[in-house]
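Here is what each chain is made of, one letter per residue.
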Amino acid sequence: MGIERAVVFRFHRDPLVARARVRLLRRLNPGVPVYGLFGGAGGVRGAAFRLAGGPLLGLDALYTSRHSGAWNWKNGDLVLLDWYRDVGRRLSFDVLHLVEWDLLLADSLERIYAGVPPDAVGLTAWTPQSDVGDDWRWLGGREEAGEWRRLLTRARTDFGYDGTPYACLGIGPCFPRAFLDDYAAADPPDLGNDELRYPLFAQLLGYSVVDTGFRRGWHSPGEDRYFNATGQNISPDVVAAELASPEGRRAFHPVRVPLRGLRPPVPGPQAVAPPWERR
């Protein structure tokens, strides 16, 4: 029996790009539901998204965060937990994929996440904090570092944590349903950010973490042309060149243009069974 997947599509701007991403997700993943999560600011533009975003983007449903845009940006995991408590826990799925509006996934979820077992948490650029360094805002900023220390203290006090802390990039994670149940029950505080809490709570709750492989190394400047979290837009020429190669990449971030006429590989049976299904 195959893995039942679902997508939460998180967006806050650029409806034409968002609509193109949703259409591509549906084309490559027939039958997989795509639920919208709007985390943008209020005002006229926000109201328009809330009223018309679902039909405009072609979503199965649309959930609107009750928090500010800045809070949502910092706490993507907590916004996801709001959605899960209010909506997601009543839906049917085995694995949930959180897909940002500017994340381009140019193959089926089955293929792109083939290396992540269905009972593991999939995180991007999962890296020991000792290798990340203090130049990263969430560890090096005065206020941010203070929040992380408070979160770590709570982990040690409440869970007896004595492990190696990790960080990740909060782009393209996936979660087994059981993890979302346990994470919601743990009720994490808004200390630190999602890129610290995801790996920490996976450890605290006893879940294996597997790197998605979308970015092959935290301190790897050569990776920036394919996948980065600095806002450096990925060139359409780079995307086209990778898709033209059978061994090319299929995940790119950020891609903030619709890329009309994109011809990614047609989804089909995997050539190689994922590791957990091999005998």
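Please read all numbers here as calculations on a predicted model, not as lab measurements.

1. Some points on the side chain of N75
Here is step 1: When you line up the elements, N75 lands in the loop between helix 3 (69-74) and helix 4 (76-86).
Here is step 2: Under the relative-accessibility criterion, N75 is labelled buried at 1%.
Here is step 3: Every residue in contact with N75, bar those within four places of it in the chain, is listed here: D190, G192, D194 and R197.

2. Some thoughts on the confidence of the model for the protein chain
Here is step 1: Within the protein chain, residue pLDDT values average 90, and 89% of them lie at 70 or more.
Here is step 2: Throughout residues 266-279 the model reports pLDDT below 50, and contacts reaching past four residues in sequence, or to other chains, amount to 20 contacts.

3. Observations regarding the side chain of R10
Here is step 1: With respect to the secondary-structure elements, R10 resides in strand 1 (residues 5-11).
Here is step 2: Classification of R10 by relative accessible area gives buried; the value is 12%.
Here is step 3: A distance of 3.0 Å separates polar atoms of two side chains, one belonging to R10 and the other to E100.

4. Details of the pattern of salt bridges
Here is step 1: One pass over the structure, following the stated rule, counts 14 salt bridges.
Here is step 2: D77 is the partner of R197 in a salt bridge, and the nearest nitrogen-oxygen pair spans 2.7 Å. Of the two residues, R197 is situated in helix 10 (residues 194-204) and D77 in helix 4; the sequence distance between them amounts to 120 residues.
Here is step 3: Given the relative accessible area of 0%, R197 is considered buried.

5. Thoughts on the nonpolar core
Here is step 1: Membership of the largest hydrophobic core comes to 84 residues, with the highest contact counts inside it found for F9, L80 and L105.
Here is step 2: Setting aside its immediate chain neighbours within four residues, L80 contacts V8, L37, L96, L98, F175, L180 and Y198.

6. Here we look at the environment of V132
Here is step 1: Checked against the element boundaries, V132 lands in helix 6 (residues 129-132).
Here is step 2: As for V132 and Y166, which are separated by 34 residues in sequence, their C-alpha atoms are 8.7 Å apart.
Here is step 3: For V132, the residues in contact, after removing those within four places along its chain, are T127, L139, A167, W218 and H219.

Rules used in this analysis
- Residues numbered from 1 in each chain as written.
- Predicted model: local features only at pLDDT ≥ 70, side-chain atom pairs only at ≥ 80, totals over all residues.
- Heavy atoms only, no water.
- Helix = DSSP H or I, 4+ residues; strand = E, 2+ residues; numbered from the N terminus.
- Buried < 20%, exposed > 50% of the residue type's maximum accessible area, 1.4 Å probe, protein only.
- Contact = heavy atoms within 4.5 Å.
- pLDDT = per-residue confidence, 0-100.
- Polar contact = N/O pair within 3.5 Å; in protein donor to acceptor, adjacent residues only side chain to side chain.
- Salt bridge = Lys/Arg side-chain N within 4 Å of Asp/Glu carboxyl O.
- Core = buried A, V, L, I, M, F, W, Y, C linked by side-chain atoms within 4.5 Å.

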